[in-house]
Amino acid sequence: MSQPRLTLALSKGRLLEDSEPLLAKLGLAPAEGLDDRLLRLPSRDPDVQLLVIRPADVPTYVEYGAADFGIVGKDVLMEHGGEALYEPLDLGYGRCRLMVAAPRNRAPLPAFHRPRVATKYPEVARRHFAAQGEQVEIIKLYGSMELAPLVGLADCIVDLVDTGNTLRANGLEEIETIAQISARLVVNKAAMKMKHQAIRAWLDRFRAELGHA
Ligand code: AMP
C-alpha cells in the first residue's frame, strides 16, 4: 500500500474528544479506533496518518514539518508563539477563556509587593502583565492552578475557564479575560508550498464542514 502523503497532529485529551465529531465527518477518524499506546496511526483516509501527542507538542511537530498540519488550542499556540506556522482556520469548538483569577476575599497587596502569578502559560502571562506595565513574578505550574492562591503559593492565576465552576469551588473570581480560546487548524509553512494541492483540498473540506464560505 502507498504511504500516506499527509500527517495530521492531534492534541491528546480533551481537545481530541472535542475533535472526534469533525474528524469523523471528514473521514479522518482513526481507522481502528484510538488506542492509548499508539502514537502514530492510520486514519480512515489512506492519504492521511494521525499523530496523537501532547497538546503543547503539536505546534513543534507542525513547525518542524514532522506533521503537515495539526489541531491545537489557541492557548497552546499563544504560549508557543505562532509566527512559524500558518493558522488558517478557527474550528469553533473547544471554546473557553484564558483568564486572570484571584481569591474573592483577598486582602489588598502590600505596597511594593510584586504579585506572584501561578500558571501553565508563563509566556502568555509575562506578555500580558508586561503590556500593562505590571511587574509580576511568574510561577510555572503543570496543573491545578486553582490551588496555588489557596495555599499562599501565588496571589493570582492565569488559567483556562469554561463554566467558572472550578474557580467558584475554590473561592476564586474572574478578574480579566486575556483571550477567547478555541481549537485552530495549523499548517506547516513548507508543506503549504510543497504539498499545496493536497493541503488546499483539505482546507476546503474543513471549511465546507464548518459551514464557512
Ligand atoms: P470550568 O470549571 O468549567 O471553568 O473549567 C475549568 C477547569 O477546566 C480548569 O482547571 C481548566 O484548566 C480546565 N479547562 C477548562 N476549559 C478547558 C479547555 N478547553 N481545555 C483544557 N482544559 C480546560
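Structure first, text after, so check above.
Each chain carries its own residue numbering, running from 1 in the written order of its sequence. Reporting of local features is limited, given that this is a predicted model, to residues whose pLDDT is at least 70; pairs of side-chain atoms are given and counted only at 80 or more, and all residues count toward the totals for whole chains, interfaces and linings. With hydrogens and water stripped out, all remaining heavy atoms of the structure feed into the side-chain values.

*Asks:* Summarise the site of the ligand; cite the residues concerned and give the values.
*Replies:* Inspection of the region around the ligand gives Arg 14, Gly 94, Cys 96, Glu 146, Asp 159, Leu 160, Val 161, Asp 162, Thr 163, Gly 164, Asn 165 and Thr 166 as its neighbouring residues. In the analysis that follows, any N or O atom pair within 3.5 Å is treated as a polar contact, provided that within protein one partner can donate a hydrogen and the other can accept it, and provided that, for residues neighboring in sequence, both atoms belong to side chains. The side chain of Arg 14 places a nitrogen or oxygen atom 3.3 Å from a nitrogen atom of the ligand. Within the side chain of Thr 166, a nitrogen or oxygen atom sits 2.4 Å from an oxygen atom of the ligand. Each helix is a run of H or I in the DSSP string that is no shorter than four residues. Each strand is a run of E no shorter than two, and both are numbered from the N terminus. The element contributing the most residues to the shell around the ligand is strand 9 (residues 156–161), with three residues. Residue type decides the class: Asp, Glu, Lys and Arg count as charged, Ala, Val, Leu, Ile, Met, Phe, Trp, Tyr, Cys and Pro as nonpolar, and the leftover types, Gly among them, as polar. A per-class count over the shell around the ligand returns three nonpolar, five polar and four charged. Near, as used in this document, describes a residue that has one of its heavy atoms within 4 Å of the molecule or strand being considered.

*Asks:* How would you sum up the state of the cysteines? Please name residues and give values.
*Replies:* Throughout, a disulfide means two cysteine sulfur atoms within 2.5 Å of one another. One pass over the structure, following the stated rule, counts zero disulfides. In this structure Cys 96 is not part of a disulfide, and its nearest cysteine sulfur, from Cys 156, lies 18 Å away.

*Asks:* Describe in detail the packing of aromatic side chains, supporting the description with residues and values.
*Replies:* Any two rings among Phe, Tyr and Trp, with Trp reduced to its six-membered ring, count as a pair given centres within 6.5 Å; such a pair is stacked if its planes are under 30 degrees apart, edge-to-face if over 60, and tilted if neither. Applying the stated rule across the entire model yields zero aromatic pairs. We count a charge as sitting over a ring when the NZ of a lysine or the CZ of an arginine lies within 6 Å of the ring centre and within 35 degrees of the ring normal. Above the face of the Tyr 86 ring, Lys 189 is positioned so that its terminal group lies 5.3 Å from the ring centre. Across the ring face of Trp 202, the terminal group of Arg 205 is positioned such that the distance to the ring centre comes to 4.0 Å.

By themselves, these observations are geometric and do not establish any function.
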